Amino acid sequence: MKNFLSTCVLSAAGLFLSACATQPKEEPIDSVIERGLKTATDQALLMAKELENQDGKLPKSMKDGKLEVSDYSWWCSGFFPGELWYLYEANPTPELKKYAELYTERLEKVKKITYSHDVGFMLNCSYGNGYRLTGNPKYKDVMIEGAHSLATRYNPHIGLIRSWDFNKQKWQYPVIIDNMMNLEFLMWAGRATGDNAFTQMAISHADKTMANHFRPDYSCYHVVSYDTITAQPHIKQTHQGYADESAWARGQAWALYGYTMMYREAKKQAYLEQANHIAQFLMNHPNMPADKIPYWDFDCPDIPNTVRDASAAAIMASALIELSQFNPNDFGKQCLTFAEQQIRSLTSPAYLATTGTNANFAIMHCTGHLPGNSEVDVPLSYADYYYVEALLRLRNVLNKQ
């Protein structure tokens, strides 16, 4: 009997060791981060050299297999120079700095734009990162003028920054959830100038968006239009999602990032609680795929036979990494673990392009505006920007630990 038991124990141990030996070893996360940064750098430099002699051009997306470009006026114009600054921060070479400066300068005219709420995106990502890393006083001057331009879109009666100027027969004063992302620029301007008006605009916008954009489950609408007389919402819609009551993936990611950022900037506990609720909604959603890269809309009836939006995953991951540091508890660990899973997926062959492909963008399989049949299952400049930002944030967190 003793020999029989010994044989069983040895056999079981042998089977366990054999199973362990055949299990693929997970790549260390620091290796994943460095591999992602290298690919992003290689692709960005190829992109920079391709457009170097095309006056004023900036990468936007890919159409029919070819690079699609824009000028400074497109809302995404600041992401590529911003990505270059992040890559320079990760690896401060003269070549990366040269291209970061070159493409940043292509956006200087943005400082006078008053027709777009995205001046924050355009200038804070480009000039903002450049100023943070170099202290160039010219960059600061451009940003301050740009902040004054953005402030012209704020209506004190309504207490929000107007987003769009089109479709006036339907929307009196439309505000989109994406607009939360422009508040970081105004918070910076308040500190840089000492003018508290910028700060109060941002806080008012965040407060009113929190009151009117969200459903009881902490998902959000894309567009809320306000009555210009009563200053109350008269329409709530999801313009780029599946339906008005659906959870458009990138919109939820903007919301998560926006309130995480506003807690960092304003230290209002309500913003942290809002960000935590949004994170819980997203991380626990039954339609979140196993690889944590969301479908373009969480409520699309075609799931799983529909496209993903890797840009939403990149934005989510970056926000969750920061949010994890504001929650020194098990929930914070959950946020960081989820973001790490997203980073691993984004850095896998399923989403990370090989060098020289994907029109020299790093991230594949993003969706801009599916109902409008625009930018569906293509690379997008902001996916690369937030992917690189997430890589740097995760690296910094791991280095602290």
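Description of the structure in this document. For clarity, every value in this text was computed on a predicted model and none was experimentally measured.

### As for the sheet that holds strand S7 (residues 233–237)
Read across the open sheet, the three strands follow the order S5-S6-S7; overall the sheet is antiparallel. Unpaired on one side and paired on the other, strand S5 (174–176) and S7 mark the two borders of the sheet. With direction set aside, neighbouring strand axes in the sheet form an average angle of 20 degrees. Examined bridge by bridge, S5 and strand S6 (residues 223–226) share three bridges and lie antiparallel to one another. Residue pairing across strands places valine 175 opposite valine 224, the latter belonging to S6. Helix H8 (residues 196–212) rests against S5, S6 and S7 of the sheet, and its axis sits at about 105 degrees to S6.

### Remarks on the packing of helix H5 (residues 119–134) against helix H7 (residues 183–193)
It is the contact of H5 with H7, at a shortest axis distance of 8 Å, that shows an interaxial angle of 55 degrees. Regarding the angle of H5 to H7, the classification is oblique. Here the hand of the crossing between H5 and H7 comes out left-handed. Contacts between H5 and H7 involve Val119, Gly120, Leu123, Asn124 and Tyr131 from the former and Glu184, Phe185 and Trp188 from the latter. Class assignment of the residues belonging to the contact of H5 with H7 gives a composition of five nonpolar, two polar and one charged.

### Thoughts on the packing of aromatic side chains
Inspection of every chain in the model, using the stated rule, returns 26 aromatic pairs. Ring centres of tryptophan 75 and tyrosine 382 lie 5.1 Å apart, and the angle between their planes is 35 degrees; this geometry places the pair in the tilted category. You can see tryptophan 75 sitting in the loop between strand S2 (66–70) and helix H3 (79–90) and its partner tyrosine 382 sitting in helix H13 (residues 381–400), a full 307 residues away along the chain. In terms of burial, tryptophan 75 and tyrosine 382 fall into one category: buried. Members of the aromatic cluster, each reached through a chain of ring pairs, are Trp75, Phe79, Tyr86, Phe121, Trp254, Tyr257, Tyr382, Tyr385 and Tyr386. Taking NZ or CZ as reference, arginine 215 lies 4.1 Å from the ring centre of tyrosine 221, over its face. Over the ring of tyrosine 295 we find arginine 308, and its NZ or CZ is 4.7 Å from the ring centre.

### Regarding helix H12 (residues 330–346)
A rise of 1.5 Å per residue sets the reference length of H12, with its 17 residues, at 24 Å; its end C-alpha atoms lie 24 Å apart and thus fit the reference within 8%. Taken together, the buried residues of H12 touch helix H2 (29–51), helix H10 (269–283), helix H11 (310–325) and H13. Its side-chain oxygen at 3.1 Å from the backbone nitrogen of phenylalanine 331, asparagine 329 defines the N-terminal cap of H12.

### A look at the pairing of S7
Consecutive side chains along a regular strand alternate between the two faces of the sheet. One ladder, built from four bridges, connects S6 with S7; its direction is antiparallel. The residue of S7 that forms the bridge with tyrosine 226 is proline 233. What sits between the antiparallel neighbours S6 and S7 is a turn of six residues, in which alanine 231 has the positive phi angle 65 degrees.

### Considering the environment of lysine 236
For lysine 236, the location among the structural elements is in strand S7. In this structure, lysine 236 is in contact with Asn212, Tyr221, Val223, Val224 and Asp244, ignoring residues within four places of it in sequence. Within polar-contact distance, the side chain of lysine 236 engages the backbone oxygen of asparagine 212 at 2.8 Å.

Conventions adopted
Residues numbered from 1 in each chain as written. Predicted model: local features only at pLDDT ≥ 70, side-chain atom pairs only at ≥ 80, totals over all residues. Heavy atoms only, no water. Pairing = 2+ DSSP bridges. Helix = DSSP H or I, 4+ residues; strand = E, 2+ residues; numbered from the N terminus. Axes fitted to C-alpha atoms, helices over the stretch in contact; angles between N-to-C directions. Contact = heavy atoms within 4.5 Å. Parallel < 35°, antiparallel > 145°, perpendicular 65-115°, else oblique. Left-handed = near helix turned anticlockwise from the far one by under 90°. Nonpolar A, V, L, I, M, F, W, Y, C, P; charged D, E, K, R; others polar. Phe/Tyr/Trp six-rings, centres within 6.5 Å; stacked < 30°, edge-to-face > 60°. Buried < 20%, exposed > 50% of the residue type's maximum accessible area, 1.4 Å probe, protein only. Lys NZ or Arg CZ within 6 Å of the ring centre and 35° of its normal. Expected span 1.5 Å × (residues − 1). Polar contact = N/O pair within 3.5 Å; in protein donor to acceptor, adjacent residues only side chain to side chain.

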